Amino acid sequence: MRRLALLAVALLAAALPTAAAAHHPSGSPFPKLIALPVGFQPEGIAIRHKTFFVGSIPTGAVYRGDLRTGTGQVLVQPQPGRAAIGLKVSRDGRLFVAGGPTGKAFVYDARTGAPLAEHALAGGTPFINDVALRHGTAYFTNSRAPEVFALPLDGGPVRHIAITGDFQQTGDPTATNLNGIAVAGHDTLVLVQTNTGKLFAADADTGVAKEIDLGGANVVNGDGLLLIGRVLFVVQNRLNQIAVIRLARDLSRGTIVRTITDPAFDVPTTIAAHHKHLYAVNARFGTTDPQPAKYNVVRVP
């Protein structure tokens, strides 16, 4: 396994260009499609102003680009023993990256790509999947256990949050349960359970979760979340769509008011917003030969 990981890192490092091409279908300065390096195998995206960041699942590399031009380059180089799943960028210019099977969280300088810190979160066979930033804390989900980790941005100790209440871990030990995460208000975690399609609102202090009633609907294959006010966007990766949900003020229920689709979607996993548009990463899960495959970011209204 380690030999394969080293090979993947070496192949990707050799293939990474300094900049990627963009597709401008109508002369717009913000392209519809933004190409990522060949074989990059992306998952998470974060946006700060007009700069975007996308992580590479198997190598831990992070690509930084310009939404206006669609060009960019690798900011954090591939390296053995690291992975990059969900990621977020803080206002002070730090990248917080979920480390998937490493069980760790990685922190980088968003300007230089220099590593700033790494934090061991979970042992065993974890999958640290996504991260949300709010009120001085980075919250990380573990897809293989009912738990969230709270990492203070000021350098304090990591706090373990056991997710209880209505939430029940299901499936085999490798099943993807907790995945995308967002923070509502000051102390409520909004969580999606990928394999059941359920949404939960959990107290960030106690971990007690209440299921959000979707009126019989679900968001199965739910992946990345984006919360803007009381509107929640849920990426449903293998369904190639984004569910738009209007949440009740108390988060007890929600209504799917729209489903966003796009012919360019190819298993999108996460989204971020810039002005009036969403940017979705095509992870292309299930690609038979991911090393020479092409990957991109899709801009949708």
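A brief report on the enclosed structure follows. Keep in mind the model is a prediction, meaning the values are calculated, not measured.

1. Some words on the environment of Arg-94
Within the secondary structure layout, Arg-94 lies in strand S8 (residues 94-98). Sequence separation between Arg-94 and Gln-41 is 53 residues; the distance between their C-alpha atoms is 22 Å. Beyond its immediate chain neighbours, meaning those up to four positions away, Arg-94 contacts Lys-88, Val-89, Val-107, Tyr-108, Ala-110, Leu-116 and Leu-153. A polar contact is formed between the side chain of Arg-94 and the side chain of Asp-92, at a distance of 3.0 Å.

2. Digging into the sheet that holds strand S3 (residues 42-48)
Reading across the sheet, the four strands line up as S3-S4-S5-S6 and stay open at both edges, with antiparallel pairing between neighbours. Strand pairing shows two members of the sheet lacking a second neighbour, S3 and strand S6 (72-76), which therefore form its edges. Averaged over all adjacent pairs, the angle separating strand axes in this sheet is 25°, with direction ignored. Pairing of strand S5 (residues 62-66) with S6 involves four bridges; the strand directions are antiparallel. Directly across from Arg-64, in S6, lies its bridge partner Gln-73.

3. Description of the pairing of strand S19 (residues 208-211)
Every regular strand shows the same layout, with side chains that alternate between the two sheet faces. As paired strands, strand S15 (residues 164-165) and S19 are joined by two bridges and run parallel to one another. Bridging across to S19, Thr-164 finds its partner in Val-208. As judged from the three bridges shared by strand S18 (residues 198-203) and S19, these two strands associate in the antiparallel manner. Paired with Ala-202 across the strands is Ala-209, a residue of S19.

Calculation rules
Residues numbered from 1 in each chain as written. Predicted model: local features only at pLDDT ≥ 70, side-chain atom pairs only at ≥ 80, totals over all residues. Heavy atoms only, no water. Helix = DSSP H or I, 4+ residues; strand = E, 2+ residues; numbered from the N terminus. Contact = heavy atoms within 4.5 Å. Polar contact = N/O pair within 3.5 Å; in protein donor to acceptor, adjacent residues only side chain to side chain. Pairing = 2+ DSSP bridges. Axes fitted to C-alpha atoms, helices over the stretch in contact; angles between N-to-C directions.

Note that every value here comes from positions in space, so none of it alone points to a role or purpose.
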